[in-house]
Amino acid sequence: MSELLEVCLESYGVPRPGSMDEQMHSVINKLSSLCKAWVKDSKIVPFGSFSLGTQSSDSDLDLILVAPKRVQRTSFQNQLLEILRRDPEVLCCQGIFTAKVPLIKLVFKEVEVDLLFANTDSTCLSKDLFDCDYQSLLTLNGYRNSKFLLKLVPDKQKFQKVLRAVKLWATKRSIYSNCMGYLGGFAWALLAGKICIEYSRLSVPFLVGKFFEYYKNWDWRVCVSLVPSMYKQRSVAPMTILTLASPVYNAAYTLTYTNFMFIQQEFELAYEVSQRILTEGLEWKSLFAELRFFDVFEYFLKIEVVGRNLEEFTKLKGSFLSQLRYLVEEIENSYLAAEVSPYTKHFKASPYSSVYFVGINCFRNPRFFVKWLIKDLKHYFQSPSINFYFLPKASLT
């Protein structure tokens, strides 16, 4: 049964652990050379899906440039940004420095890279990073959490196989995206890691089935934690999934209430399907069936993001995605009778434009809803290059 699951994952283009290492290390080595030319005693460390061994062909490569304490963040944002922009192999290089964790986004060898910065004279895995400022602590948390998680799981290979299946399922069911108010990659990794720790004797297929059974029945008023001493903490968010490294935070902090309800429904459905796979011989592809998003909602917000060139389009798209979750939360809070959920997939209208959809179930007068919604949209997306349309389901057929 394990091999059948593996074959199914590969049929969806999910690479086996390690199969993309050569390509990723080529990118890391090139960027490391550029960074060392800037600061000789700097180094680059990976975190996220690549460091966990669950990189997919369309995943971003998450990297941290760790520099000595003497190197200022302003130098990273100015000097290094210009060095990267001048390199002919680096494309779409832009700084996003107003984010909670500032970063440089770029494309190298067709791989999208998020490059973060931390300055410290301590070892990255030290228990106390006493010389770090808060932004460096948050940045290094990604690397530290990945390392700590891999130390906790008793069987790394089992964990990687389970997480690959969970990530494919979450992607197909449109519930995988931090920026759109769902759960991001590390939140799913923590949930999978807990199952692999508590049920370490189960085979991979039964661990996948246990994953859905366990979280279908979880009381989400209680925090999910891989550290027993934290079990008694109560959750005030829809979901609280605690990270491992200090400072501990909620890996599900972007989750909106509507999306929380949808994830609960998906746990229920996936549990039923996985049990039929394990007991009746149903094919694994049944678990990874695509969500019929446009059947779920009565109305849709269609948003077009249009740029004049690749650089402008990339910047506009990043700005739009950074604001989308906050807009969804405001609509939920302002219109208590509305369900609002973005579709995690987008559609390419041209090389420099994309179309996004947000599903809406509005139980009040739709005309009243649209009037105030458009005012919110104009407030959040103050750009003539971002166009929006409110559409009933019937107009999409």
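Residues numbered from 1 in each chain as written. Predicted model: local features only at pLDDT ≥ 70, side-chain atom pairs only at ≥ 80, totals over all residues. Heavy atoms only, no water.

Participant: Hey, could you run me through the sheet that holds strand β3 (residues 90–96) in this one?
Facilitator: What holds strands together in a sheet is hydrogen bonding between their backbones, with the strands either parallel or antiparallel. Strands sit in the order β1-β2-β5-β4-β3 across an open sheet of 5 strands; the sheet is mixed. The open sheet has two free edges, formed respectively by β1 (43–47) and β3, since each of these has just one partner strand. Looking at each pair of strands side by side, their axes are set apart by 25° on average, direction ignored. In terms of strand pairing, strand β4 (residues 103–108) meets strand β5 (residues 111–119) through 6 bridges, oriented antiparallel. Counterpart to Leu106 in the pairing with β5 is Val113. Lying on the sheet, helix α4 (residues 73–86) is in contact with β2 (61–67), β3, β4 and β5; it crosses β3 at an angle near 160°. Relative to β5, helix α5 (residues 134–152) is tilted by about 120°, and along the sheet it contacts β1, β2 and β5. (Pairing = 2+ DSSP bridges. Helix = DSSP H or I, 4+ residues; strand = E, 2+ residues; numbered from the N terminus. Axes fitted to C-alpha atoms, helices over the stretch in contact; angles between N-to-C directions. Contact = heavy atoms within 4.5 Å.)

Participant: How do you make sense of the packing of aromatic side chains when you look at a structure like this?
Facilitator: Applying the stated criterion to the full structure yields 33 aromatic pairs. With a centroid separation of 5.1 Å and 80° between ring planes, the pair formed by Tyr214 and Tyr215 is classed as edge-to-face. When the centroid spacing of 6.1 Å and the interplanar angle of 55° are considered together, the rings of Phe293 and Phe300 count as tilted. One aromatic cluster in this structure is built from Trp169, Trp188, Tyr199, Phe211, Phe212, Tyr214, Tyr215, Trp218, Trp220 and Phe267. Over the ring of Tyr326 we find Arg325; its NZ or CZ atom is 4.4 Å from the centre of that ring. (Phe/Tyr/Trp six-rings, centres within 6.5 Å; stacked < 30°, edge-to-face > 60°. Lys NZ or Arg CZ within 6 Å of the ring centre and 35° of its normal.)

Participant: Is there a simple way to explain the nonpolar core in this structure?
Facilitator: Most often, soluble globular proteins keep nonpolar side chains buried together rather than apart. In terms of nonpolar packing, the biggest core is built from 75 residues, with Trp169, Trp188 and Phe211 touching the most fellow members. Per element, the largest residue contribution to this core is 9 residues, and it comes from helix α7 (residues 185–198). Look past the residues within four positions of Phe211 in its chain and what remains in contact with it is Val166, Trp169, Trp188, Leu191, Ala192, Ile195 and Phe267. Counting residues in hydrophobic clusters, the runner-up holds 29 residues, among them Leu34, Trp38, Val113 and Leu115. (Core = buried A, V, L, I, M, F, W, Y, C linked by side-chain atoms within 4.5 Å. Buried < 20%, exposed > 50% of the residue type's maximum accessible area, 1.4 Å probe, protein only.)

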